[in-house]
Amino acid sequence: MFSSVLTVSIISFTKPVYYLIKTLDSTEALDMIKLDVLSMLEKHNKSKYWLWKQLGMSYQNFNRMVNNETKSIKYETLDAMCGIFGCTPNDLLLYDEDR
C-alpha cells in the first residue's frame, strides 16, 4: 500500500496527498465488477500459463488481472481475450449489485 502511494505521489506532484490516498483506498465501487477469466479457462480446458503466453503481457500484471487485484483492464486486453475465447466482454465480466 505504501509503495503505491509513494509511486503515485512522486509521479504527480500537483494532486493533494489526500486525493491520492483517497483514490487508492476507494475500491468499493471496483469490487462490483470482476473479471471471470478463470471459468473461461476451465470451460476451454486451458491453463493460466497458456493465456498469459497468448496475451504477451508481463506475468505480474497478468496475475493481478486474473486474480482481480487490479483497478483497470485495457480495452485491447479485453478485445484479445474475447478473440481468444470467442466470446463477448459480457462473458468475461461479472457484475455484483449486492456489493
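Bear in mind that the values here come from a model prediction, so they are computed numbers and not experimental data.

Basis of the calculations
- Numbering of residues starts from 1 in each chain and follows the order in which that chain's sequence is written.
- A pLDDT threshold of at least 70 governs which residues receive local features in this predicted model, and a stricter bar of 80 or more applies before side-chain atom pairs are shown or counted, although totals over entire chains, interfaces and linings include all residues.
- Water and hydrogen atoms were dropped before computing side-chain values, which therefore reflect all heavy atoms in the structure.
- Any two rings among Phe, Tyr and Trp, with Trp reduced to its six-membered ring, count as a pair given centres within 6.5 Å; such a pair is stacked if its planes are under 30 degrees apart, edge-to-face if over 60, and tilted if neither.
- Runs of H or I in DSSP of at least four residues are treated as helices and runs of E of at least two as strands, each being numbered from the N terminus.
- The buried label goes to any residue with under 20% of its type's maximum accessible area, the exposed label to any with over 50%, and the partly exposed label to all in between, with areas taken from a 1.4 Å probe on protein chains only.

Draft legend 1. Geometry of the packing of aromatic side chains. The tally for this structure, following the rule as stated, stands at 4 aromatic pairs. Between Trp50 and Phe85 the ring centres are 6.5 Å apart and the planes differ by 55°, which places this aromatic pair in the tilted class. Taken together, the residues span a long stretch of sequence, with Trp50 in helix α4 (residues 48-55) and Phe85 in helix α6 (residues 75-85) at a distance of 35 residues. What makes Trp50 partly exposed here is its relative accessible area of 25%. When its relative accessible area of 5% is taken as the criterion, Phe85 is described as buried. With centroids separated by 5.3 Å and ring planes inclined at 85°, the aromatic side chains of Trp52 and Tyr59 adopt a geometry described as edge-to-face. A relative accessible area of 40% means that Tyr59 is categorised as partly exposed. Three or more aromatic residues joined by ring pairs make a cluster, and in this case those are Tyr49, Trp52, Tyr59 and Phe62.

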